[in-house]
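# Structure at a glance
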Amino acid sequence: MAHGYEGGRLDLPFVGIATFGKRPYVQDWSRIEADAAILGAPLDMGTQFRAGARFGPRGVREASTLFSFGHAGAYDHEDDVTYLGPEVRIVDIGDADIVHTDTEKSHDNIETGVRAILKAGALPVVIGGDHSVNIPCIRAFEGQGPIHILQIDAHLDFVDVRHGVRHGHGNPMRRAAEQEHVTGLTQLGIRNVSSTAKEGYEAARAMGADILSVRQVRKLGAEAVLARIPKGARLYLTIDIDGFCPSIAPGTGTPSHGGFLYYEVLEILQGAARNHEIVGIDLVEVAPDYDPTGSTSILAAQLLLNLLGFVFHARSQRG
């Protein structure tokens, strides 16, 4: 197969503008022509502890260039599949405009971006930012349900209201569960000391949540976990990087030891893409400044690229 090496420029990863995977940049959101569109949501005003996730989109984009050597797709010898070939059109539409100290306006701007992607018939892939950016992402699916949310996270994020705050990074799954177009949640990786009280867990289960810790997921295995997701559900995937063990993902504001390792999550996501229609993705809470090695950003970029490969390969197999 032909690849970029034959195009006259080597165009190494560290050369050029760092769009996601060095994919084309589309500035006009009314002219998105793609199968998937990347939107940055560089907002971290919802954080309760360490800020810095506003630099997540930039960090993940830069890390993603590591995987942009110009090959016509990515061949996986274990699966014997070439993923993300030239038939899969991915574009980067830049960032939603963030208005400093104005979470609500910033959320509105994120929602506008996701709605533009959905209107174009593309898969929205949002890079945060703190987990509050999931709130406008899920709002954007109003009228396009039903959807089921699969969450990878250390924290339940099911706080209702705390000191008047409804749209911080501890609230998104509660806000999602309230939406008519959300039919349920599968929450994986929830563990240890949490920002959510017992009443929050009880409320989550009463509103349709299936909650599993890392140890419970490991005991069940990927296939048994996937079997708990309602058959035929259209899935929205929200991935908090702190769902991973901080030994491999230290670059986040609220690290929690005992998290997932890479292949544990990858196998669940691959199974989810194989069994379900994936309608949206966000990956949040990467805060590059806490990881001078850059490994957290690389993990996020690698996970997203593999996930996109799984999604579009599964679509092609379904015909």
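Going by the structure above, here's the rest.
Presented here is an overview of the structure given in this document. Everything numeric in this text was worked out from a predicted model, so none of it was measured.

How each quantity is defined
Residues numbered from 1 in each chain as written. Predicted model: local features only at pLDDT ≥ 70, side-chain atom pairs only at ≥ 80, totals over all residues. Heavy atoms only, no water. Helix = DSSP H or I, 4+ residues; strand = E, 2+ residues; numbered from the N terminus. Rg over C-alpha atoms; globule rule 2.2 N^0.38 Å. Buried < 20%, exposed > 50% of the residue type's maximum accessible area, 1.4 Å probe, protein only. Areas by Shrake-Rupley, 256 points an atom, 1.4 Å probe, with all protein chains shown as cover. Lys, Arg positive; Asp, Glu negative; His and termini not counted. Charge placed at Lys NZ, Arg CZ, Asp CG, Glu CD. 1 Å grid on protein atoms, 1.4 Å probe; cavity = no way out; pocket = protein on both sides within 12 Å on 5 of 7 lines; lining within 4 Å. Points joined across faces, edges and corners; volume = space filled by probe spheres on them. Nonpolar A, V, L, I, M, F, W, Y, C, P; charged D, E, K, R; others polar. Salt bridge = Lys/Arg side-chain N within 4 Å of Asp/Glu carboxyl O. Pairing = 2+ DSSP bridges. Axes fitted to C-alpha atoms, helices over the stretch in contact; angles between N-to-C directions. Core = buried A, V, L, I, M, F, W, Y, C linked by side-chain atoms within 4.5 Å. Expected span 1.5 Å × (residues − 1). Contact = heavy atoms within 4.5 Å.

Moving on to the overall build of the protein. From N to C terminus, the protein includes nine helices and 10 strands. In terms of C-alpha radius of gyration, the protein reaches 18 Å, essentially the compact-globule figure of 20 Å for 319 residues. Dimensions of the protein, computed from C-alpha atoms along their principal axes, come out at roughly 60 × 45 × 40 Å. When each of the 319 residues of the protein is scored for burial, the buried share is 55%. On the protein, roughly 14200 Å² of surface is accessible, and the fraction owed to carbon and sulfur atoms is 52%. For the protein, the distance from the average position of its 29 positive side-chain charges to the average position of its 39 negative side-chain charges is 3 Å.

Here the focus is the layout of surface pockets. Quantified by volume, the second largest pocket comes out at close to 230 Å³. Lining the second largest pocket are I17, A18, T19, P42, R54, F55, P57, R58, R61, D92, G94 and D95. Partitioning the lining of the second largest pocket into residue classes produces five nonpolar, two polar and five charged.

Any two side chains of opposite charge can pair, on the condition that their charged atoms come close. A full pass over the atoms with the stated rule returns 17 salt bridges. The partner of R89 in a salt bridge is D35, and the shortest N-O contact between them spans 3.4 Å. With R89 in the loop between β3 (81-83) and β4 (90-95) and D35 in the segment before β1 (36-41), this residue pair connects regions lying 54 residues apart in the sequence. For R89, a relative accessible area of 40% translates into the label partly exposed. Note that E142 is salt-bridged to R115, the shortest N-O span being 3.6 Å. In this pair, E142 sits in the loop between α3 (134-139) and β6 (147-152) while R115 sits in helix α2 (residues 103-119), placing the two residues 27 residues apart along the sequence.

The next point concerns the pairing of β1. Counting buried positions along β1 gives six out of six residues, so the element sits mostly inside the fold. In β1, alternate side chains face the same way, and those of A36, I38 and G40 on one face and A37, L39 and A41 on the other are all buried.

Attention now goes to unusual backbone geometry. The step from G128 to G129 runs through a cis peptide bond, and the omega angle for that step is 20 degrees. Along the chain, the position of G129 falls in the loop between β5 (123-128) and α3. Residue D157 is not a glycine yet carries a positive backbone phi of 55 degrees. Tracing the chain through its elements places D157 in the loop between β6 and α4 (172-177). D157 sits in the buried class, given a relative accessible area of 4%. Residue E285 is not a glycine yet carries a positive backbone phi of 75 degrees. Looking at where E285 falls in the secondary structure, it is placed in the loop between β10 (277-284) and α9 (295-318).

On to the sheet that holds β10, then. Read across the open sheet, the eight strands follow the order β4-β1-β5-β10-β9-β6-β7-β8; overall the sheet is parallel. Edge positions in the sheet fall to β4 and β8 (209-212), since each has one partner strand and no second. The average undirected angle you get between the axes of adjacent strands in this sheet is 15 degrees. Where strand β7 (residues 182-188) meets β8, four bridges bridge the pair, whose relative direction is parallel.

Counting residues in each nonpolar core, the largest one holds 52 residues, and the members touching the most others are L188, I281, L303 and L308. Per-element accounting of this core gives the leading share, 11 residues, to α9. Counting 39 residues, the second-largest nonpolar core is a separate cluster that includes A41, L185, V279 and V284.

Relative to the 24 Å expected for 17 residues at 1.5 Å per residue, α2 spans 24 Å between its end C-alpha atoms, a close match to the ideal helical length. If you follow the buried residues of α2, they end up packed against β1, β4, β5, α3 and β10. Two residues or fewer past α2, G121 is found with a positive phi of approximately 80 degrees.

On to helix α8 (residues 262-275), then. Here α8 spans 20 Å end to end across 14 residues, near enough to the 20 Å set by a 1.5 Å rise per residue. Those residues of α8 that fall on the buried side of the exposure criterion are Y262, V265, L266, I268, L269, Q270, G271, A272 and A273.

Keep in mind these numbers describe shape, not what the thing actually does.
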